[in-house]
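Architecture and fold: a report
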Amino acid sequence: MTPSKPASRAISARRAAKPAMQASTKELVIVTGISGAGKASALKAFEDLGFHAVDNLPLELLPDFAALVEKSAEFQSAAIVVDVREGQTLDRLPEIIKQVKMLLHTRVVFLDAQDAVLVRRYSETGGRIR
């Protein structure tokens, strides 16, 4: 059975795109969001997927961290949590992301949660969520 023309075109397109995708397999995921939305849980999930996971790295070190990941033979991908603990430095996040995107394929994941879920989590932890 031979593939239909649209299917064979799709297969050819995937084969043609494959070398380009392999050229830059390094990636960085920046996890951020509101307090209590599950950033720590998301970071653990990324770590389970084989990402080098970092929580609370000072934002100003992110370009250097991205350069280390890019050069590393050990790490193909990394995930980092960025949140309100950054304080005033958080204002520079868009600029820093632009720098990092020049080194690695970079995605930003913003986590949110419903108010009722946040209130429940807050009361369950005695107010120790971030």
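Per chain, residue numbering runs from 1 following the sequence as it is written. Predicted model: local features are reported for residues with pLDDT of at least 70 only, side-chain atom pairs are reported and counted for 80 or more only, and whole-chain, interface and lining totals are derived from all residues. In computing side-chain properties, one takes all heavy atoms of the structure into account and sets aside hydrogens as well as water.

**Quick notes on the nonpolar core**
Applicable threshold: Put simply, buried Ala, Val, Leu, Ile, Met, Phe, Trp, Tyr and Cys residues joined by side-chain atoms within 4.5 Å make one nonpolar core. Each residue's exposure class comes from its accessible area (1.4 Å probe, protein chains only) as a fraction of the maximum for that residue type: buried when under 20%, exposed when over 50%, partly exposed otherwise. Should any heavy atoms of two residues lie within 4.5 Å, those residues are counted as being in contact.
Residues Leu 28, Ile 30, Leu 59, Leu 62, Phe 65, Ile 80 and Val 100 are the most contacted members of the largest nonpolar core, which totals 17 residues. Setting aside residues up to four positions removed in sequence, Leu 59 forms contacts with Val 82, Glu 86, Thr 89, Leu 90, Leu 93 and Ile 96.

**What to know about the packing of helix α3 (residues 62–71) against helix α4 (residues 93–101)**
Under the convention used in this document: Fitting a line to C-alpha atoms yields each axis, with helices limited to the stretch in contact; the angle taken between N-to-C directions then spans 0 to 180 degrees. Comment: elements are numbered from the N terminus, with helices defined as DSSP H or I runs of at least four residues and strands as E runs of at least two. Should an angle fall under 35 degrees it is taken as roughly parallel, and over 145 as roughly antiparallel, whereas 65 to 115 is taken as roughly perpendicular and any remaining angle as oblique. Note: crossing handedness is left-handed where the near helix turns anticlockwise from the far helix by less than a right angle, and right-handed where it turns clockwise. We call Asp, Glu, Lys and Arg charged. Ala, Val, Leu, Ile, Met, Phe, Trp, Tyr, Cys and Pro are nonpolar, and the rest, Gly among them, are polar.
With their axes 9 Å apart at the nearest point, α3 and α4 run at an angle of 20° to one another. When the axes of α3 and α4 are compared, the pair comes out roughly parallel. The handedness of the crossing between α3 and α4 comes out as right-handed. Between α3 and α4, the contacting residues are Leu 62, Pro 63 and Ala 66 on the first element and Ile 96, Gln 99 and Val 100 on the second. Classifying every residue of the contact of α3 with α4 gives five nonpolar, one polar and no charged.

**Thoughts on the sheet that holds strand β3 (residues 77–81)**
Spelled out, the test is: Pairing between two strands requires that DSSP report at least two bridges joining them.
The strand order across the open sheet formed by four strands is β2-β3-β1-β4, and the pairing between neighbours is parallel. Each of the sheet's edge strands pairs with one partner strand only, and the pair in question is β2 (52–55) and β4 (105–111). Along the sheet, successive strands turn relative to each other by an average axial angle of 20°, direction set aside. Summarising the sheet, β2 and β3 pair through four bridges and their orientation is parallel.

**Brief notes about unusual backbone geometry**
We note that Asn 56 has phi near 70°; this positive angle belongs to a residue other than glycine. Summarising the element assignment, Asn 56 is placed in the loop between β2 and α3.

**Here we look at the pattern of salt bridges**
Definition in use: Salt bridges are defined by distance alone: a side-chain nitrogen of Lys or Arg within 4 Å of a carboxyl oxygen of Asp or Glu.
Scanning the model with the defined rule gives two salt bridges in all. When the shortest N-O distance is used, the salt bridge between Glu 27 and Arg 107 registers 2.6 Å. Separated by 80 residues along the polypeptide, Glu 27 in strand β1 (residues 27–33) and Arg 107 in strand β4 bring together distant segments of the chain. Look at Glu 27 and you get buried, because its relative accessible area is 16%. As a salt-bridge pair, Glu 95 and Arg 92 come within 3.3 Å of each other at their nearest N and O atoms. Since its relative accessible area comes to 32%, Arg 92 is described here as partly exposed.

**Quick notes on the packing of aromatic side chains**
Test applied: Only the six-membered ring of Trp is used, alongside the rings of Phe and Tyr, when aromatic pairs are assigned; centres must lie within 6.5 Å, and planes under 30 degrees apart are stacked while those over 60 apart are edge-to-face, with the rest tilted.
Under the counting rule described, the total for this entry stands at one aromatic pair. Seen from their ring centres, Phe 46 and Phe 51 are 5.0 Å apart, and the 70° between their planes marks the pair as edge-to-face.

**Section: the side chain of Thr 106**
Operational definition: Counting of polar contacts relies on pairs of N or O atoms within 3.5 Å, with two restrictions inside protein: one atom must be capable of donating a hydrogen and the other of accepting it, and residues adjacent in sequence are counted only when both atoms are side-chain atoms.
Structurally, the position occupied by Thr 106 is in strand β4. Residue classification places Thr 106 among the buried residues on the basis of a relative accessible area of 9%. In this structure the side chain of Thr 106 is engaged in a polar contact, spanning 2.9 Å, whose partner is the backbone oxygen of Leu 104. Among residues more than four places away in sequence, those in contact with Thr 106 are Leu 28, Ile 30, Val 100 and Lys 101.

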